[in-house]
Amino acid sequence: MDKIISDLEELNVGEIRINESLQYHSTMKVGGVVKALIIPKDKESIIKIINKLDSEEQKYYILGKGSNTIFPDGKLDVFIIKISNTLEYLGVSGTEIKVGAGFGMAKLSKTLSKQGLKGLEFAGGIPATVGGAIFMNAGAHLSEIGNVVKSVTVIENGQLKTYLKNECDFSY
């Protein structure tokens, strides 16, 4: 593991916290200690981190803001890649929205509403990030995120890949 950490440090991918307690990264304030929690400095760093961990056959999870996430106690043999700060961006052009996976759903709903845009009112109370909401097709008040998504860009096999809404197979 020390070699993997030093390799990641050489790649200059962001902040690496060794033996980090997950209680500080969950709204439930519970959880054990992970090998390392990595806070990437940019989107390219996320790709580098994933490629490195995949090549070393290391187990990892992507974490947003940790809302409604309960981690087990004890020493956890995994890496956590925390993207909430790295991928917290929003771009609005007319009615087209480009938003990062780390952006909070409630914040997004409120921000867009203030700009006079409709469609995400249902998300006002959802504590997830956009990435988590898309992953689980979060919904409320008879609507869901899959109804308002045009496309989703993901990291797949070490590269960015975009899927159109009809390719995402949203279900609830």
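We now turn to the structure provided with this report. Just so it is clear, the structure is predicted and the values come from calculations on it, not from any experiment.

## Observations concerning the pattern of salt bridges
Within the structure shown, the criterion is met by ten salt bridges. In this structure, Arg-17 and Glu-15 form a salt bridge, with 2.6 Å as the shortest nitrogen-oxygen distance. We classify Arg-17 as partly exposed; its relative accessible area is 27%. Taking the relative accessible area as the measure of exposure, Glu-15 reaches 39% and is therefore partly exposed. Glu-88 is the partner of Lys-65 in a salt bridge, and the nearest nitrogen-oxygen pair spans 3.3 Å. Taken as a pair, Lys-65 in the loop between strand S3 (60–63) and strand S4 (75–82) and Glu-88 in the loop between S4 and strand S5 (90–93) lie far apart in primary sequence, 23 residues in all.

## Some remarks on the pairing of strand S9 (residues 151–156)
Pairing geometry for S9 and strand S10 (residues 159–164), over six bridges, is antiparallel. Bridged to Ser-151 within S10 is Leu-164. Turn length for the S9-S10 hairpin, with the two strands adjacent in sequence and antiparallel, is two residues, and the turn residue Asn-157 shows positive phi of about 50°.

## Digging into unusual backbone geometry
We note that Lys-29 has phi near 60°; this positive angle belongs to a residue other than glycine. Looking at the element boundaries, Lys-29 is found in the loop between strand S1 (14–21) and strand S2 (33–40). The exposure class of Lys-29 is exposed, given its relative accessible area of 53%. For Asp-169, which is not glycine, the phi dihedral falls at a positive 55°. The residue Asp-169 is located in the segment after S10 in this model.

## A short note on a nonpolar patch on the surface
A cluster of nonpolar side chains, contributed by Met-28, Val-30 and Ile-70, occupies part of the molecular surface with about 260 Å² of accessible area. By the secondary structure assignment, Met-28 is in the loop between S1 and S2. For Met-28, a relative accessible area of 40% translates into the label partly exposed.

## Considerations on the packing of aromatic side chains
When we look at a pair of aromatic rings, we describe it by the centre distance and by the angle of the planes. By the definition in use, this model includes zero aromatic pairs. Of note, Lys-107 hangs over the ring of Phe-103, and the distance from its end group to the ring centre comes to 4.9 Å.

## With respect to helix H3 (residues 105–114)
Listed as buried for H3 are Met-105, Leu-108, Ser-109 and Leu-112. Angularly, the buried residues of H3 cover 100° about the axis, an arc narrow enough to put them on a single face. Among the exposed residues of H3, those pointing more than 90 degrees away from its buried face are Lys-110 and Lys-114. Lining the buried residues of H3 we find S5, strand S6 (96–99) and helix H4 (130–136). Among the residues trailing H3, Gly-116 stands out with phi positive, at a value near 80°.

## Things to note about helix H1 (residues 2–10)
Among the residues of H1, those classed as buried are Ile-4, Ile-5, Asp-7 and Leu-8. For H1, the angular spread of the buried residues around the axis is 160°, confining them to a single face. Facing away from the buried side of H1, by more than 90 degrees, are the exposed residues Asp-2, Lys-3 and Glu-10. Looking at the buried positions of H1, the neighbouring elements they touch are S1, S2, helix H2 (43–55) and S4. Just past H1, the residue Asn-12 takes up positive phi, approximately 55°.

Rules used in this analysis
Residues numbered from 1 in each chain as written. Predicted model: local features only at pLDDT ≥ 70, side-chain atom pairs only at ≥ 80, totals over all residues. Heavy atoms only, no water. Salt bridge = Lys/Arg side-chain N within 4 Å of Asp/Glu carboxyl O. Buried < 20%, exposed > 50% of the residue type's maximum accessible area, 1.4 Å probe, protein only. Helix = DSSP H or I, 4+ residues; strand = E, 2+ residues; numbered from the N terminus. Pairing = 2+ DSSP bridges. Patch = residues over 30% accessible without salt bridge, like charges linked within 9 Å, V, L, I, M, F, W, Y side chains within 5 Å. Areas by Shrake-Rupley, 256 points an atom, 1.4 Å probe, with all protein chains shown as cover. Phe/Tyr/Trp six-rings, centres within 6.5 Å; stacked < 30°, edge-to-face > 60°. Lys NZ or Arg CZ within 6 Å of the ring centre and 35° of its normal. Arc of directions from axis to C-beta. Contact = heavy atoms within 4.5 Å.

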